[in-house]
Amino acid sequence: MSFAREAARSGLWFAGFRFITQSLSWVITVAIARILVPEDYGLMAMASILTGYVEIFSELGLGAAIIQKKDITNEELSSTFYFSMIIGAILSIVSFSLAYPTAWIFNEPRIIPITQLISVLFIIGALMIVPYNILSRDVKFKEIGIIQLVSVVVASRSMLMMAKAGFGVWTLINGTIIQRCITVTLTFLITKWHPRLHFHFKEAKPLLKFGINIAGSRSLFYLFQKSDRFIVGKMFNAQYLGYYSFAMQLASIPTDKIVSIVNQVSFPVFSRYQEDSARIQEMYLKTTKYISLLLAPLFFGGFFFGDEIILTLLGEKWIPIIFVFKLFCIAQFIISITAINSVIHSSQGRPHWAIYFHLSNTILMPVSIFIAARHGFNALSLPWITIYPLVCMGWTWVTLRKLNISVLKYLQVFITPFFATFFMIAGIWSVKLMLNGISILDSRVILVQNMVLGAILYSIILFLFERKTLIEIWGLRKT
């Protein structure tokens, strides 16, 4: 079996476990959101803004470097492990000390102990860098899927118990710590890898040289992602920051859960075939098509039926997020189909190219959001569907030029996803209009019915026009 096919098969197992994991996680997230109040999410967002930026440098891109390097010795892995632990300890101290500046910035003393507790995550994260990325390098995604499923099940159950017991915002941070601890423990048990009593910085240095570009790119991406929350927290209050951050969290669930799977699986494959330009072109277009097929119905469904989704699942206290949630869904679709660009460049030894893309967003988006914030809460979503798409178009054009792919050939991959999505939405609206004023069912039952109907209609188009793709995916289970 070829490496790419082995990765695809393992990726399917990973996707299956991830689907179960995230379905459970999403249900628990909604259940917890019905118990907690928007202010709890706002406090958590405030507490993690500075520490979250520091956390990016706890890995220094070493995980990606381990995967991308063609040949790596156990001595290099051991040296990298101990170097990671040193960095993790230093950044844990830095994070602990950031509690007071963070509280001063937002004029919110309640976030001091929350921020201090977050510092524990740096030590836990440092332990996981080497063994977790050994699994990714060897495309052991089935094992990774099992690890994530178990950790999320335990953490989600714990969070629900804490929420019901009145832990408030502490539910969110404690749940994260529990999940990370279980992940680290299971990763070491499954990999059966342990560091030797061996450390030479010169062995970790080549990995650091590559990884520092990854870390730089991620740091700019983080600034781009969190600058809006900083602006909202300063110009509004914890409640509105809670609305904003939770709306973004809900809209980004498919991106975080599905696109992250695709990127995680594709990176070692792209790295393995980095010198085969024809293979890279084929895999890039195919990956973009798969992402679009998976996510177009979810994001555009969220845009057209966002009001029903929010009201039915979360209740009336979350009504203020409906407008921004719907526009965030459009933005997240753009994010999802362009995320592969950074992966492809990093796999070919150009991680610094992603820095330029994220730097553009880091400069343009905060300014745009600051201006939008002066026009009210709903206006905060407008830069995400105006400025951001323009930057992404430029980034994609650069990527297509480098890979020698025509714009027309690229656009063709979206024909079926868009047509199938239009057919799905039109079908759901038609049924709604026919049953308007007739149905006496509970709103949750109606929502489930619409989801099932949408899935059936979308599947019909896929079966008619993408049968070859479906057969190809189905065939992976036999190899």
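Everything discussed here concerns the structure shown above.
Presented here is an overview of the structure given in this document.

Rules used throughout
Residues numbered from 1 in each chain as written. Predicted model: local features only at pLDDT ≥ 70, side-chain atom pairs only at ≥ 80, totals over all residues. Heavy atoms only, no water. Helix = DSSP H or I, 4+ residues; strand = E, 2+ residues; numbered from the N terminus. Buried < 20%, exposed > 50% of the residue type's maximum accessible area, 1.4 Å probe, protein only. Salt bridge = Lys/Arg side-chain N within 4 Å of Asp/Glu carboxyl O. Axes fitted to C-alpha atoms, helices over the stretch in contact; angles between N-to-C directions. Parallel < 35°, antiparallel > 145°, perpendicular 65-115°, else oblique. Left-handed = near helix turned anticlockwise from the far one by under 90°. Contact = heavy atoms within 4.5 Å. Nonpolar A, V, L, I, M, F, W, Y, C, P; charged D, E, K, R; others polar.

1. Digging into the side chain of His358
Mapped onto the secondary structure, His358 falls in helix H15 (residues 351–373). Under the relative-accessibility criterion, His358 is labelled buried at 7%.

2. Quick word on the environment of Gly16
Assignment of secondary structure puts Gly16 in helix H1 (residues 3–35). Residues Gly16 and Lys142 lie 126 residues apart in sequence; the distance between their C-alpha atoms is 8.9 Å.

3. Points about the pattern of salt bridges
A side chain with one charge can pair with a side chain of the opposite charge if their charged atoms come near. Applying the stated criterion across every chain yields a total of 6 salt bridges. Across the pair Glu75 and Arg196 runs a salt bridge, and its minimum N-O distance is 2.6 Å. Linking Glu75 in helix H4 (residues 74–97) with Arg196 in the loop between helix H9 (170–191) and helix H10 (201–235), this pair joins segments that are 121 residues apart in sequence. Under the relative-accessibility criterion, Glu75 is labelled partly exposed at 27%. With a relative accessible area of 41%, Arg196 lands in the partly exposed category. Residue Glu282 pairs with Lys286 through a salt bridge whose shortest N-O separation is 3.7 Å. Residue Glu282 and its partner Lys286 are located together in helix H13 (residues 277–314), separated by 4 residues, close to a single helical turn. A relative accessible area of 28% means that Lys286 is categorised as partly exposed. Connected through shared salt-bridge partners, Glu39, Glu108 and Arg110 make up one network.

4. Structural notes on the packing of helix H12 (residues 253–272) against helix H14 (residues 322–347)
It is at 9 Å that the axes of H12 and H14 come closest, and there the two elements cross at 20°. Here H12 lies roughly parallel to H14, going by the angle between them. In this structure, the crossing between H12 and H14 has a hand that is right-handed. Between H12 and H14, the residues in contact are Thr255, Val259, Asn263, Ser266, Phe267, Phe270 and Ser271 and Gln332, Ile335, Ser336, Ala339, Ile340, Val343, Ile344, Ser346 and Ser347, respectively. By residue class, the composition of the contact of H12 with H14 is 8 nonpolar, 8 polar and no charged.

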